[in-house]
Amino acid sequence: MKYIDLHCDALTKAGEKDLTDASLQAGLKKLNESECAAQCFAVFTQGAGAALCAENRLVYFAEQMQKFGKSVLPIRQYADLAYCLNSGITGAILTIENLGFIGNDLTRIEKLAKSGVKMASLVWNVENSLAYPNLVDPLSSAREERGLKPLGRQAVEALDGKGIIVDISHLSDGGAHEILEGRKIPLVASHSNAAEVCPIPRNLTDNLIKKIADCGGVVGVNFCKKFLGEGETYELVLRHIKHLIKVGGVDIIALGSDFDGIPAPPDLENCTKVPALLDYLSAHGICGELLEKLCYKNFARVFREVCT
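In what follows, the accompanying structure is described. Numbers given for residues are sequential positions, taken from 1 along each chain in its written order. Reporting in this predicted model follows two pLDDT cut-offs: at least 70 for local features of residues, and 80 or more for side-chain atom pairs to be given and counted; totals over whole chains, interfaces and linings ignore these cut-offs and use all residues. Water and hydrogen atoms play no part in the side-chain values, which are based on all heavy atoms of the structure.

**Considerations on the pattern of salt bridges**
- A pair is scored as a salt bridge if a Lys or Arg side-chain nitrogen falls within 4 Å of a carboxyl oxygen belonging to Asp or Glu. Taken as a whole and assessed by the stated rule, the structure comprises 13 salt bridges.
- Between lysine 293 and aspartate 251 there is a salt bridge whose closest N-O contact spans 2.6 Å. With lysine 293 in helix α12 (residues 289–306) and aspartate 251 in the loop between α10 (233–248) and β9 (253–255), the pair connects residues that are 42 residues apart, well separated along the chain.
- When salt bridges with common partners are traced through the structure, they connect Glu110, Lys114 and Lys162 into a single cluster. By the criteria applied, helices consist of DSSP H or I runs no shorter than four residues and strands consist of E runs no shorter than two, each listed in order from the N terminus.

Next up, the structure:
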């Protein structure tokens, strides 16, 4: 079945290699083989030189889209996504993981929008000028309650104004609650799981899951073992999906593999294993329209509503 994956780090992992490189968990050839309708490719930045790194990755993405234009389509509007969902071509959605590189210059968000960026998170695992994170390393039960910084609040407004989906994966509980309070515009947690199933800070509390559902948002289930917990990979993915449905309803579920940013989990070593996962889910009750919602309908709805 066709599917949309809300997060991968192939743009970072590829380095100077092509996105078709066989070593990538979510390379273009593997994505085509797995019937991926659209892959979100994150530009990841952190530390010294982050702004230049982001600039270089945006150029690299554009060059790769041109080089492999016969097998991949950069998605800049909903019509592009709809085309990919109804054809055999894989779409590429450009996203940003960690907007900290913009510093105090919010005009950079407008430039990102013009570059085709469709989704962005404020922070990664390290505090920046916008926000605080919920850390995954070291693994602990502590959750960060501090909210957004003033510049982070302005950044969220700018993202909403430019039709860029706000991604709250990595964001502190305090920051996520602040954004979600009374929110009407859908957002995503692109690669996060349920804390009730696996209690690490990067996974979402039931309260946050409910608030994401209330604004029409979605949660992309992360395939990383640290986020899934102990046990068989497919069974754990199913447990997180079922919990998300129990708390947030059927319109909240999506896929957010985190391929090329995680150690290969057993039975999900790369995106060519996704069809086998979907077969397993279908055989265990996530089938029919429910499977379609998980695979592409829920995120396509968010994209259509936000990315005008």
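**Here we look at the packing of α10 against helix α11 (residues 274–283)**
- Direction vectors running N to C along α10 and α11 enclose 60°, while the axes themselves pass 10 Å from each other. Here α10 is positioned oblique relative to α11, judged by the angle of their axes. Seen along the crossing, α10 lies across α11 with a hand that is right-handed. Residues Tyr234, Glu235, Val237, Leu238 and Ile241 of α10 lie in contact with α11, whose contacting residues are Ala276, Leu277, Tyr280 and Leu281. Geometry is summarised by axes, namely lines fitted to C-alpha atoms with helices restricted to the contacting stretch, and by angles between N-to-C directions that run from 0 to 180 degrees. Put simply, angles under 35 degrees are roughly parallel, angles over 145 are roughly antiparallel, angles from 65 to 115 are roughly perpendicular, and the rest are oblique. Two helices that cross are described as forming a left-handed crossing if the nearer one is turned anticlockwise from the farther one by less than a right angle, and a right-handed crossing if clockwise. Any two residues whose heavy atoms approach within 4.5 Å are treated as being in contact.

**So, a negative patch on the surface**
- Patch membership requires more than 30% relative accessible area and the absence of a salt bridge. Residues of like charge join within 9 Å; the nonpolar side chains Val, Leu, Ile, Met, Phe, Trp and Tyr join within 5 Å. Reported accessibility uses the Shrake-Rupley method at a 1.4 Å probe radius. Residues are deemed covered only where the shown protein chains occlude them. For this count, His and the chain ends are skipped, Lys and Arg are scored as positive, and Asp and Glu as negative. Charge positions are represented by NZ for Lys, CZ for Arg, CG for Asp and CD for Glu. Taken together, the side chains of Glu232, Glu235, Asp267 and Glu269 define an acidic patch exposed on the protein surface.
- Looking at where aspartate 267 falls in the secondary structure, it is placed in the loop between β9 and α11.
- When accessible area is computed with a 1.4 Å probe and restricted to protein chains, residues below 20% of their type maximum are described as buried, those above 50% as exposed, and intermediate ones as partly exposed. Assessed through its relative accessible area of 39%, aspartate 267 is described here as partly exposed.

**Quick word on the pairing of strand β5 (residues 117–121)**
- In terms of burial, β5 is largely enclosed, as five of its five residues are buried.
- Two strands are said to pair when DSSP picks up at least two bridges between them. Of the pairings in the sheet, the one linking strand β4 (residues 90–97) to β5 comprises four bridges and is parallel in character. Across the sheet, glutamate 97 pairs through a bridge with serine 121, a residue of β5.
- At this point the chain moves from β4, through helix α5 (residues 107–114), to the parallel β5, and the crossover so formed is right-handed.
- Summarising the sheet, β5 and strand β6 (residues 165–167) pair through three bridges and their orientation is parallel. Residue pairing for β6: alanine 120 is matched across the bridge by valine 166. The definition of a right-handed crossover adopted here requires that, viewed with the strands pointing away, the path from the first strand over the helix to the second runs clockwise.

**Side note on the nonpolar core**
- Note on terminology: a nonpolar core comprises buried Ala, Val, Leu, Ile, Met, Phe, Trp, Tyr and Cys residues joined through side-chain atoms within 4.5 Å. Core analysis: the largest hydrophobic core is formed by 112 residues, its most contacted members being Leu19, Phe41, Leu99, Leu122, Ile168 and Phe299.
- The contact partners of isoleucine 168, leaving out residues within four places of it in the chain, are Ala176, Ile179, Leu180, Leu187, Val188, Ala189 and Ile212.

**Digging into the side chain of arginine 202**
- Turning to its location among the elements, arginine 202 is positioned in the loop between β7 (188–189) and α8 (206–214).
- Within the buried core, arginine 202 has no salt-bridge partner, and the shortest N-O distance to an opposite charge, that of aspartate 258, equals 5.4 Å.
- Here a polar contact means two N or O atoms within 3.5 Å. Within protein one must be a hydrogen donor candidate and the other an acceptor candidate, and residues neighboring in sequence count only if both atoms are side-chain atoms. A polar atom in the side chain of arginine 202 sits 3.2 Å from the side chain of histidine 170.
- Within polar-contact distance, the side chain of arginine 202 engages the backbone oxygen of histidine 191 at 3.0 Å.

**Thoughts on the packing of aromatic side chains**
- Classification of ring pairs rests on two measures: the distance between centres of Phe, Tyr or Trp rings, Trp counted by its six-membered ring, which must be within 6.5 Å, and the angle between planes, read as stacked under 30 degrees, edge-to-face over 60 and tilted in between. Across all of its chains, the model carries five aromatic pairs by this definition.
- Both rings, one in phenylalanine 41 and one in phenylalanine 61, keep their centres 6.5 Å apart while their planes meet at 55°; by these two values the pair is tilted. Taken together, the positions of phenylalanine 41 in strand β2 (residues 36–44) and phenylalanine 61 in helix α3 (residues 50–67) put the pair 20 residues apart, joining distant regions of the chain. The residues phenylalanine 41 and phenylalanine 61 share a single accessibility class, namely buried.
- Arranged with centres 5.6 Å apart and planes meeting at 70°, the rings of phenylalanine 223 and phenylalanine 259 form a pair that is edge-to-face. Taken together, the positions of phenylalanine 223 in the loop between β8 (218–221) and α9 (225–228) and phenylalanine 259 in the loop between β9 and α11 put the pair 36 residues apart, joining distant regions of the chain.
- Accessibility expressed as a relative area gives 1% for phenylalanine 223, which makes it buried.
- You can call phenylalanine 259 buried: its relative accessible area is 1%.
- In this analysis the charged atom, NZ for Lys or CZ for Arg, is taken to sit over a ring once it is within 6 Å of the ring centre and within 35 degrees of the ring normal. The cationic tip of lysine 2 hangs over the ring face of tyrosine 296; the distance from NZ or CZ to the ring centre is 5.7 Å.
- Positioned over the ring face of tyrosine 60 is arginine 57, at 4.2 Å from the centre of the ring.

**Some thoughts on α10**
- Counted at 1.5 Å a residue, the expected span for α10 with its 16 residues is 22 Å, and the 22 Å between its end C-alpha atoms agrees.
- Taken together, the buried positions of α10 are occupied by Thr233, Tyr234, Leu236, Val237, Leu238, His240, Ile241, His243, Leu244 and Val247.
- At its buried positions, α10 is contacted by α8, β8, α9, β9, α11 and α12.
- At the exit of α10 stands glycine 249, carrying a positive phi of roughly 90°. Take the residue count of a helix, subtract one, and multiply by 1.5 Å to get its expected span.

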